[in-house]
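Inside the fold
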Amino acid sequence: MTPESNEEIVDIDFTEVISRMKSERPITLDFNTSAARPEPTLDEARAELANSIGEIAHKVFSKKYGPLVGTVTKTTAETLLKNAEDNLYRAKGDATLIIQELVDRAFTSPKKKKK
């Protein structure tokens, strides 16, 4: 270092700096102030899907079938989705019973006949 230079050599202990960086909480860059939308219920999801189907049907078929085609399609889609859920729930129960019966028959040993 030259005498005319006003710079000073600073001796820095980098291990201390690195350990302090590791111990501090990381910076978060999430500036979203709105809260996350909660998970929709099954009824809300069904209504939203039926509404979307109704809007698509209205845009595609309203000139040919009239302005009520979207509303009719929406209610029909919602009813069909609800009935499909009920039928799937019943079918799941039926399938569970059938599988349990097959497993019971497959893994139980046949009883020997007494003479």
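Residues numbered from 1 in each chain as written. Predicted model: local features only at pLDDT ≥ 70, side-chain atom pairs only at ≥ 80, totals over all residues. Heavy atoms only, no water.

Before going further, it helps to examine the overall build of the protein. When you go through the protein residue by residue, the secondary structure sums to three helices and zero strands. Its helices and strands taken in sequence order, the protein reads α-α-α from the N to the C terminus. Across the 115 residues of the protein, 7% fall into the buried class. Counting every atom, the protein has about 11500 Å² of accessible surface; 60% of that belongs to carbon and sulfur. (Helix = DSSP H or I, 4+ residues; strand = E, 2+ residues; numbered from the N terminus. Buried < 20%, exposed > 50% of the residue type's maximum accessible area, 1.4 Å probe, protein only. Areas by Shrake-Rupley, 256 points an atom, 1.4 Å probe, with all protein chains shown as cover.)

To characterise two packed helices, one gives the angle between the axes of the helices and the distance between these axes. Orientation of helix α2 (residues 42-65) relative to helix α3 (residues 69-107), taken along the N-to-C sense of each, is 145 degrees, at an axis distance of 7 Å. Taken as a pair, α2 and α3 cross one another with a handedness that is right-handed. By residue class, the composition of the contact of α2 with α3 is 11 nonpolar, six polar and five charged. (Axes fitted to C-alpha atoms, helices over the stretch in contact; angles between N-to-C directions. Left-handed = near helix turned anticlockwise from the far one by under 90°. Nonpolar A, V, L, I, M, F, W, Y, C, P; charged D, E, K, R; others polar.)

Moving on to α2. The principal kink in α2, of about 45 degrees, is found at lysine 59. What α2 keeps buried is the set Arg46, Ala50, Gly54 and Ala57. Next to the buried residues of α2 lie α3. A positive phi of about 105 degrees marks glycine 66, the residue just after α2. (Bend = angle between axes of the 7 residues up to and from the residue. Contact = heavy atoms within 4.5 Å.)

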